[in-house]
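Inside the fold
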Amino acid sequence: MTAFVDIDDVTLVYKGANGGVHALDRFSVSLQKGEFAAVVGPSGCGKSSLMKLVTGLVPPDFGKIQIGGETVRGPVKMAGMAFQNPNLLPWRKVIDNVLLPLEIVQPHRSRFRREKERYREEARALLATVGLDGFAERFPWELSGGMQQRVSLCRALIHSPALLMLDEPFAALDAFTREELWCVLRDLWEKIGFTVILVTHDLREATFLADRIHMMSARPGRLVMTKEIPFPRPRPIEVCFEPAFTDIVHELRAKIGEVRKG
Amino acid sequence: MSTNAMERLSPWLFTLGMFLIWEIVCRAFKVDPFILPAPSQIFVAMGQYWWPLAKNSFVTLWTTLAGFALAVAFGIVLGIVVGWSRAIYRGLYPVMIGFNSVPKVAVVPILVIWFGIGEIPAILTAFLISFFPIVVNVATGLSTIEPELEDVLRALGAKKLDIMLKIGIPRTQPYLFGSLKVAITLAFVGTVVSETIAANAGLGFLMVQAGSNFQMPLVFAGLLLLAAEGIVMYAIFAYVESYFVGWAFRSSMSAGG
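This report concerns the structure included in the present document. (Residues numbered from 1 in each chain as written. Chains lettered and ligands numbered in written order. Predicted model: local features only at pLDDT ≥ 70, side-chain atom pairs only at ≥ 80, totals over all residues. Heavy atoms only, no water.)

As a further point, take the overall build of chain B. Broken down by element type, chain B carries 11 helices and zero strands. The order of helices and strands in chain B, counted from the N terminus, is α-α-α-α-α-α-α-α-α-α-α. Its C-alpha atoms put chain B at 75 × 60 × 30 Å along the principal axes. Accessible surface, chain B as shown: approximately 13500 Å² in total, 73% of it carbon and sulfur. (Helix = DSSP H or I, 4+ residues; strand = E, 2+ residues; numbered from the N terminus. Areas by Shrake-Rupley, 256 points an atom, 1.4 Å probe, with all protein chains shown as cover.)

Right, dumping it as structure tokens:
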């Protein structure tokens, strides 16, 4: 079976004024369709470069990236992205923030004016699945941080992307809200079945959500280990309190400790 | 009295208080009206010369607004061009800084040689002095788009034009309206500078004439009217700002956490 996302022996060097920054070094990871993968590593290990590479914003210097059997040569258009900062547009209502990608990406772009009502209905339904029923006509600044992040997830998913790229999406939230949003993401993933690459430095988050965890070394980022997470789906949040869960987190933690020392 | 009513009244009270202190100081120290006329004398002069004052105020007002309108149109276009790409930004910035550093008083004689004495040099001076903050603010609004937001859209295949239309230009509006308040007051400075050097109408011209006739209360009456015009125009643009980009004020009070 061929992989849906195949990052094959990729090296990336940013050329700066004072020498290059070696971000990724011969990095290889592949994902099956519908897989939930997490990428963890010490800070500054090139995790964010990975986001840019996979979405086609930056070409690799060596190696290649394939999505759905096709080599990535430019913006992939089939990926949704969400970041630590929700980055909502303050002059747009929640629903219009969610609809933003449809105003850009084809084929929705050319249909958008004609079928606006249908799209709005879809957006409202999506907002309802993340628990934002009745918030569609509010402005982002009327929402709490956790709610804004939910809107950001909806914006990333509105065009039904096959691949969802998340760059530390929950890092700025408090612990309770974070766990709440883990469950929101888990439910969305189980319901819709997209492929996810979640970049995070939270080992519990990675262990709870992912099928596989890929650990990277400090810069230049190399793949250090891949860990399968055996817990059955659907996973209730109580999994986090099982000894087996804690063992995995400890194992990952010890490994990161080694990696950081170099 | 409620704090709200107090806040609304306080600008009037402070202005009134300033005039009162001014009047008292002038009387208590018997200040020569040729050095500093008391407000009462200024208001008498205003009543006495109301027609030339009104006529010349109007000239100053319309030349300022004409120059300001040019500055807004040109400033927005140039701001978008400058904010569009880093290369243009870096290339044009030193030129603009240099241009802005030139005192506009020094340019007026050139304008007079080109266009003759009259309203056109005043309009152009108002334009030259007030377009700079507009350009800088529009360009800043465009060039400070959050890179991650740009990534989200670029990954979807958005072109530079899409990003500008969907994000850049709306997000520039608070910067633009903020700069209009600064630019309109600068435009008055430009007009009056030009009028005092070479004009045959306008408050600047009137003040020079009155000064050379030693009519100091009339000179000060011109100054007060200038200040009043500036305040009124500033207030109008502050209102326009809060009307169009209210979201920018509210979003800073976001619910958070």
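Bringing empty space enclosed by the protein into the picture now. Counting across every chain of the model gives two cavities of 30 Å³ or more. Together, B:Val59, B:Thr63, B:Gly118, B:Glu119, B:Ala122, B:Glu195, B:Ala199, B:Asn200 and B:Ala201 line the largest cavity. Only α3 (50–84) and α6 (119–143) of chain B provide two or more residues apiece to the lining of the largest cavity. When the residues that make up the lining of the largest cavity are grouped by side-chain class, the tally is four nonpolar, three polar and two charged. If you add up the space inside the second largest cavity, you get close to 40 Å³. Along its surface, the second largest cavity is lined by A:Ala79, A:Gly80, A:Met81, A:Pro101, A:Arg155, A:Ala156, A:His159, B:Val152 and B:Leu156. Residue assignment for the lining of the second largest cavity shows that the elements contributing at least two residues are β6 (79–83) and α5 (145–157) of chain A. (1 Å grid on protein atoms, 1.4 Å probe; cavity = no way out; pocket = protein on both sides within 12 Å on 5 of 7 lines; lining within 4 Å. Points joined across faces, edges and corners; volume = space filled by probe spheres on them. Nonpolar A, V, L, I, M, F, W, Y, C, P; charged D, E, K, R; others polar.)

All names here are of chain A. Spatially, the six strands line up as an open sheet ordered β6-β7-β8-β3-β9-β10, and their pairing is mixed. The sheet is open, and its two borders are formed by β6 and β10 (223–228), each paired with just one other strand. Averaged over neighbouring strand pairs, the angle between their axes works out to 15° when direction is ignored. With four bridges joining them, strand β3 (residues 36–40) and strand β9 (residues 212–216) adopt parallel strand pairing. (Pairing = 2+ DSSP bridges. Axes fitted to C-alpha atoms, helices over the stretch in contact; angles between N-to-C directions.)

Right, let's talk about the pattern of salt bridges for a bit. Residues and elements named next belong to chain A. Scanning the model with the defined rule gives 25 salt bridges over all chains in all. Where Arg92 meets Glu103, a salt bridge forms, and the shortest distance between an N and an O atom there is 2.9 Å. One end of the pair, Arg92, is in the loop between β6 and α2 (94–99); the other, Glu103, is in the loop between α2 and α3 (108–111), with 11 residues separating them in the sequence. Among the salt bridges present, the one from Glu258 reaches Lys255, with a minimum N-O distance of 3.8 Å. Placement of the pair is Glu258 and Lys255 together in helix α8 (residues 243–261), with a separation of three residues, close to one helical turn. We classify Lys255 as partly exposed; its relative accessible area is 26%. Bridged by salt links that share partners, the residues Lys93, Asp96, Arg120 and Glu137 form one connected network. (Salt bridge = Lys/Arg side-chain N within 4 Å of Asp/Glu carboxyl O. Buried < 20%, exposed > 50% of the residue type's maximum accessible area, 1.4 Å probe, protein only.)

This brings us to unusual backbone geometry. All names here are of chain A. Here the bond from Arg233 into Pro234 is cis, since omega is -10°, no more than 30 degrees from zero. Of note, Arg26 is a non-glycine position whose phi angle comes to about 45°, a positive value. Structurally, Arg26 is set in strand β2 (residues 19–31). Look at Arg26 and you get exposed, because its relative accessible area is 57%.

With that out of the way, let us pick up the packing of helix α5 (residues 108–115) of chain B against α6(B). All names here are of chain B. It is the contact of α5 with α6, at a shortest axis distance of 9 Å, that shows an interaxial angle of 140°. When the axes of α5 and α6 are compared, the pair comes out oblique. Our pair here, α5 against α6, has a crossing hand that is right-handed. Together, Val108, Leu111, Val112 and Phe115 of α5 and Ile120, Pro121, Leu124, Thr125 and Leu128 of α6 make up the contact between the two elements. Residues of the contact of α5 with α6, tallied by class, amount to eight nonpolar, one polar and no charged. (Parallel < 35°, antiparallel > 145°, perpendicular 65-115°, else oblique. Left-handed = near helix turned anticlockwise from the far one by under 90°. Contact = heavy atoms within 4.5 Å.)

A few words now on the pairing of strand β7 (residues 163–167) of chain A. Both faces of the sheet carry side chains from a regular strand, because those side chains alternate between them. Residue and element names in this part refer to chain A. Taking burial as the measure, the five residues of β7 include five buried ones, the bulk of the element. Alternating positions in β7 separate into two faces, Leu163, Met165 and Asp167 on one and Leu164 and Leu166 on the other, with burial throughout. Where β6 meets β7, five bridges bridge the pair, whose relative direction is parallel. Considered in β7, the bridge of Phe83 is made with Asp167. Of the crossover connections in this fold, the one passing from β7 over helix α6 (residues 175–192) to the parallel strand β8 (residues 195–199) is right-handed. (Right-handed = clockwise from strand over helix to strand, strands pointing away.)

What follows concerns the interface of chain B and chain A. At the interface, 23 residues of chain B touch 28 residues of chain A. Surface buried jointly by chain B and chain A totals about 2400 Å² across both partners, of which 67% is contributed by carbon and sulfur atoms. Ranking the residues of chain B by area buried against chain A places B:Ala155, B:Leu156 and B:Lys166 at the top, with a combined share of 27%. Here chain B is connected to chain A by three salt bridges. A salt bridge links A:Glu103 to B:Lys166; the shortest N-O distance between them is 2.8 Å. In this structure, the connection of chain B to chain A is made through five residue pairs in polar contact (both at pLDDT 80 or more). (Buried area = accessible area lost by both parts, 1.4 Å probe. Polar contact = N/O pair within 3.5 Å; in protein donor to acceptor, adjacent residues only side chain to side chain.)

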